[in-house]
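Next come the chains, spelled out residue by residue.
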Amino acid sequence: HRRCFSLAGSPHRPDGTLELTIKANPAGRVSRHLVDHAAPGLVLRLSEARGDFVLPEPRQRHRHLLFVSGGSGITPVLAMLRTLVDEGHRGPVTFLHYALTAEDLTYGPELARLVDALPEGCLLLGLTDAPGAGDLDGFFGAEHLAAVTADPTELDVFLCGPTPLMAAVERCFADLDLADRVHLERFGPPPVDPDLLVDGAVVTFARSGLTVAAEGTLLQTAEAAGLTPPTGCRRGICGTCTTPRTAGVVRDLTSGAASSADAGPVRLCTAVPCGEVVVDL
């Protein structure tokens, strides 16, 4: 079984230990097993790190850095915050985190210590089920953004959390014509924009001898047809579902870019067919 988890630690950690923060998903085979049974002596196989949700290089950190997370989405942005502290970052940093109540807050005391270690650090907590108990009440919107800065154009945003939170942040910055300032990592597959779906698109799975109408991504289409291709993250990061495409054009959900018609590898989980597509599956 292959799964992707975000690294929670700083790359400058003296002992070189890799830290993961894993929440048991009631329907998750791997996460439940790790939470219930992981102990010294357990052997895991690790791939090299993948993904593009990363901090800019120190010389490129010119803007106010805003980290927005909710629930267990704190993991990758916590790694960034720890890294900034280890590297002695001196620019403005705001960490905006949402939880249901104070009891649901992960890494609370450390967050406060880390932010205090930054010369221009600020921690804002939104406790959505405990009005008055945090720094902000309710959910992310223009009012919460105003608590961060009066000038959103000065921000670079790093976002990870539940789908409604991420959608609210993306919508807010898109309305400000600042969508390119939002960098994000999703828990699951990116939503399929209906405008990217092509009526009448069909997919042929060559080795299986199946030709079917497209149903969302190539992975969703394959699974709807009864196939079980190997998958991992289901969000275009791990590469587990990468499969040869022998014909046809696909569009990538994460970038919006269309492929050429030439044969080449495709990540099933983030590709939607733009017509007739043949996959070696």
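Structure first, text after, so check above.
About the thresholds
Residues numbered from 1 in each chain as written. Predicted model: local features only at pLDDT ≥ 70, side-chain atom pairs only at ≥ 80, totals over all residues. Heavy atoms only, no water. Pairing = 2+ DSSP bridges. Helix = DSSP H or I, 4+ residues; strand = E, 2+ residues; numbered from the N terminus. Axes fitted to C-alpha atoms, helices over the stretch in contact; angles between N-to-C directions. Salt bridge = Lys/Arg side-chain N within 4 Å of Asp/Glu carboxyl O. Buried < 20%, exposed > 50% of the residue type's maximum accessible area, 1.4 Å probe, protein only. Expected span 1.5 Å × (residues − 1). Arc of directions from axis to C-beta. Contact = heavy atoms within 4.5 Å. Left-handed = near helix turned anticlockwise from the far one by under 90°. Nonpolar A, V, L, I, M, F, W, Y, C, P; charged D, E, K, R; others polar.

## Overview of the sheet that holds strand E6 (residues 202-205)
Piece 1. Reading across from one edge, E7-E6-E12-E8-E10 is the order of the 5 strands in this open sheet, with mixed pairing throughout. Whereas interior strands pair on both sides, the edge strands pair on one side only; in this sheet they are strand E7 (210-213) and strand E10 (264-267). Direction aside, the axes of adjacent strands within the sheet are offset by 35 degrees on average.
Piece 2. In terms of strand pairing, E6 meets E7 through 4 bridges, oriented antiparallel.

## Comments concerning the pattern of salt bridges
Piece 1. Considering all chains together, one arrives at 9 salt bridges under this definition.
Piece 2. Its salt-bridge partner being Glu 170, residue Arg 186 comes within 3.3 Å of it at the nearest N-O pair. Pair noted here: Arg 186 is in the loop between strand E5 (182-184) and E6 and Glu 170 is in helix H5 (residues 163-175), with a separation of 16 residues, a long-range link.
Piece 3. For Glu 170, a relative accessible area of 27% puts it in the partly exposed group.
Piece 4. Measuring nitrogen to oxygen at the nearest pair gives 2.9 Å for the salt bridge that ties Glu 223 to Arg 234. Of this pair, Glu 223 sits in helix H6 (residues 218-224) while Arg 234 sits in the loop between H6 and strand E8 (242-247); the two residues are 11 residues apart in sequence, bridging distant segments of the chain.
Piece 5. It is possible to trace a salt-bridge network through shared partners that takes in Arg 13, Asp 15, Glu 19, Arg 82 and Glu 110.

## Points about H5
Piece 1. With 13 residues, H5 ought to run about 18 Å at 1.5 Å a step, and its terminal C-alpha atoms sit 18 Å apart, in line with that.
Piece 2. Among all positions in H5, only Leu 165, Met 166, Ala 168, Val 169, Cys 172 and Phe 173 are buried. The buried residues of H5 occupy an angular sector of 160 degrees when the element is viewed end-on, so they sit on one face. Facing away from the buried side of H5 by more than 90 degrees, the exposed set consists of Thr 163, Pro 164, Arg 171 and Asp 175.
Piece 3. Where H5 terminates, the next one or two residues include Asp 177, which has phi positive at roughly 60 degrees.

## Thoughts on the side chain of Thr 75
Piece 1. Mapped onto the fold, Thr 75 is located in helix H2 (residues 74-86).
Piece 2. Accessibility expressed as a relative area gives 3% for Thr 75, which makes it buried.
Piece 3. The residues touching Thr 75, leaving out its near neighbours within four places in the chain, are Ser 6, Leu 7, Ala 8 and Thr 21.

## A look at the packing of H2 against helix H3 (residues 108-116)
Piece 1. Between H2 and H3, the shortest axis-to-axis distance is 9 Å and the interhelical angle comes to 35 degrees. Considering how the two elements wind past one another, H2 and H3 form a crossing that is left-handed. Across from Ile 74, Leu 78, Leu 81, Arg 82 and Val 85 in H2, the residues of H3 making contact are Glu 110, Leu 111, Leu 114 and Val 115.
Piece 2. Its residues placed into classes, the contact of H2 with H3 shows 7 nonpolar, no polar and 2 charged.

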